[in-house]
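# Descriptive analysis of the structure
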Amino acid sequence: MLEFRTNEIKNICLIGLMGSGKSVLGRELSKYYKLDFFDTDNEIEKETNKSIETIFKDYGEAYFRKIEESVCLKVLKYSKCIISLGGGSITNLKIRNLVKKNSYSIYLKVDNNILIKRLKNSKKRPLLKNIDKKFVIEKLYNERKKFYNIANLVVENNFDKKDIISKIIIEINKI
Ligand code: S3P
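Right, let's walk through the structure included here. Starting from 1, residues in each chain are numbered consecutively following that chain's sequence as written. The model is predicted, so local features are restricted to residues of pLDDT at least 70 and side-chain atom pairs to those at 80 or more, both for listing and for counting; the totals for chains, interfaces and linings are taken over all residues. With hydrogens and water stripped out, all remaining heavy atoms of the structure feed into the side-chain values.

### Structural notes on the overall build of the protein chain
In DSSP terms, a helix is any run of H or I states spanning at least four residues, a strand is any run of E spanning at least two, and both are numbered starting from the N terminus. What the protein chain contains, in helices and strands, is 8 helices and 5 strands. Computation of the radius of gyration draws on C-alpha atoms, with the globule rule given as 2.2 Å multiplied by the number of residues to the power 0.38. Computed over its C-alpha atoms, the radius of gyration of the protein chain comes to 15 Å, within 12% of the 16 Å expected for a compact globule of 175 residues. For the C-alpha atoms alone, the extent of the protein chain along its principal axes is close to 45 × 35 × 25 Å. Within the protein chain, buried positions represent 50% of all 175 residues. The contact rule is simple, with two residues in contact once any of their heavy atoms fall within 4.5 Å. Sequence separation of at least 24 residues holds for 74% of the intrachain contacts in the protein chain that already meet a minimum separation of 6. Areas reported as accessible are Shrake-Rupley estimates using a 1.4 Å probe. Residue values count occlusion only from the protein chains shown. As displayed, the protein chain has an accessible area near 9500 Å², and 50% of this comes from carbon and sulfur atoms. Residues scored as positive are Lys and Arg, those scored as negative are Asp and Glu, and His as well as the terminal groups of each chain are ignored. Charge positions come from single atoms, namely NZ of Lys, CZ of Arg, CG of Asp or CD of Glu. With 36 positive and 22 negative side-chain charges, the protein chain shows a spacing of 1 Å between the two charge centroids. When accessible area is computed with a 1.4 Å probe and restricted to protein chains, residues below 20% of their type maximum are described as buried, those above 50% as exposed, and intermediate ones as partly exposed.

What follows is the structure, encoded as structure tokens:
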């Protein structure tokens, strides 16, 4: 079980672009530390009883961002969890401030070309639907990198999952 030396850190948050491995690595870390795992997109789907795709299609992105704000602010107040934050949530000032205030954040940085390959067949990401994925990923990266880089730890997630996990665990154990 993970014990933080400071009470200010409630959770470990994974941030980064779509396809950067937040959910996969988050689940692994939660198993390793025996902590609960939350994926904010899954929480949005549970709360609305709708898929992310349906929310975007029927109600639009602005509506999705509103729900995303309330769900992320709620989940970030939990304690002792591993949280995978939806890729765009960090652009929201309130979410960002709460991440900075009470979490140890990890930015999973992935080479854009690798991301584009990983996301080539993704059907569940509305922002990438019927559009040049390379263009969108590069645009989102350029808009968001300043927010992702506020993370306490930046880890390149281009290679082997096991190596990345070990690297993250070494860093978390120093907190
Ligand atoms: C989004 C990322 C997605 C999801 C939604 C919007 C974004 O989450 O929240 O499709 O704006 O980057 P993942 O990063 O978990 O794919």
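### Points about the packing of helix α4 (residues 61–76) against helix α5 (residues 93–102)
With axes taken as lines fitted to C-alpha atoms, and helix axes fitted only over the stretch in contact, angles between N-to-C directions fall between 0 and 180 degrees. With their axes 10 Å apart at the nearest point, α4 and α5 run at an angle of 10° to one another. In terms of axis orientation, α4 runs roughly parallel to α5. On α5, the residues that touch E68, E69, C72, L73 and L76 of α4 are K94, I95, L98, V99 and N102. The residue classification treats Ala, Val, Leu, Ile, Met, Phe, Trp, Tyr, Cys and Pro as nonpolar and Asp, Glu, Lys and Arg as charged. All others, Gly included, are polar. In terms of residue class, the contact of α4 with α5 is built from 6 nonpolar, 1 polar and 3 charged. An angle below 35 degrees is treated as roughly parallel, one above 145 as roughly antiparallel, one from 65 to 115 as roughly perpendicular, and anything else as oblique.

### Looking at the sheet that holds strand β1 (residues 11–15)
Whenever strands of a sheet pair, they do so through backbone hydrogen bonds, lying parallel or antiparallel. Reading across from one edge, β2-β3-β1-β4-β5 is the order of the 5 strands in this open sheet, with parallel pairing throughout. In the strand order of this sheet, the two ends are held by β2 (36–39) and β5 (153–156), each with one partner. Geometrically, the sheet is characterised by an average inter-axis angle of 20° between neighbouring strands, direction not taken into account. Bridge count for β1 against strand β4 (residues 103–109) is 5 bridges, and the pairing is parallel. Paired strands, in this sense, are two strands between which DSSP finds at least two bridges.

### What about the site of the ligand?
The rule for a residue being near a molecule or strand is that one of its heavy atoms must lie within 4 Å of it. The immediate surroundings of the ligand are formed by 14 residues, with K22, D41, R65, G87 and R144 found nearest. Pairing of N or O atoms within 3.5 Å defines a polar contact, subject to two protein rules: one partner must be a possible hydrogen donor and the other a possible acceptor, and residues neighboring in sequence count only if both atoms are side-chain atoms. Contacts to the ligand include G87, whose backbone N or O atom sits 2.8 Å from an oxygen atom. Within the side chain of R125, a nitrogen or oxygen atom sits 2.9 Å from an oxygen atom of the ligand. For the ligand, whose free accessible area comes to 390 Å², the fraction covered by protein is 96%. Counting residues per element, the shell around the ligand draws most heavily on α4, at 3 residues. A per-class count over the shell around the ligand returns 5 nonpolar, 3 polar and 6 charged.

### Comments concerning the pattern of salt bridges
We define a salt bridge as a contact between a side-chain nitrogen of Lys or Arg and a carboxyl oxygen of Asp or Glu at a distance within 4 Å. Scanning the model with the defined rule gives 11 salt bridges in all. Salt-bridge contacts for K129 lead to E53; the nearest nitrogen and oxygen are separated by 3.1 Å. Separated by 76 residues along the polypeptide, K129 in the loop between α6 (112–118) and α7 (133–148) and E53 in helix α3 (residues 52–59) bring together distant segments of the chain. For E53, a relative accessible area of 29% translates into the label partly exposed. Here the residues in one salt-bridge network are E61, R65 and E68, joined through shared partners.

### A closer look at unusual backbone geometry
With phi around 55°, K80 is a residue other than glycine that occupies positive phi space. Counting through the fold element by element, K80 comes out in the loop between α4 and β3 (81–84). Positive phi, normally seen in glycine, also occurs at N130, with a value near 50°. For N130, the position within the fold is in the loop between α6 and α7.

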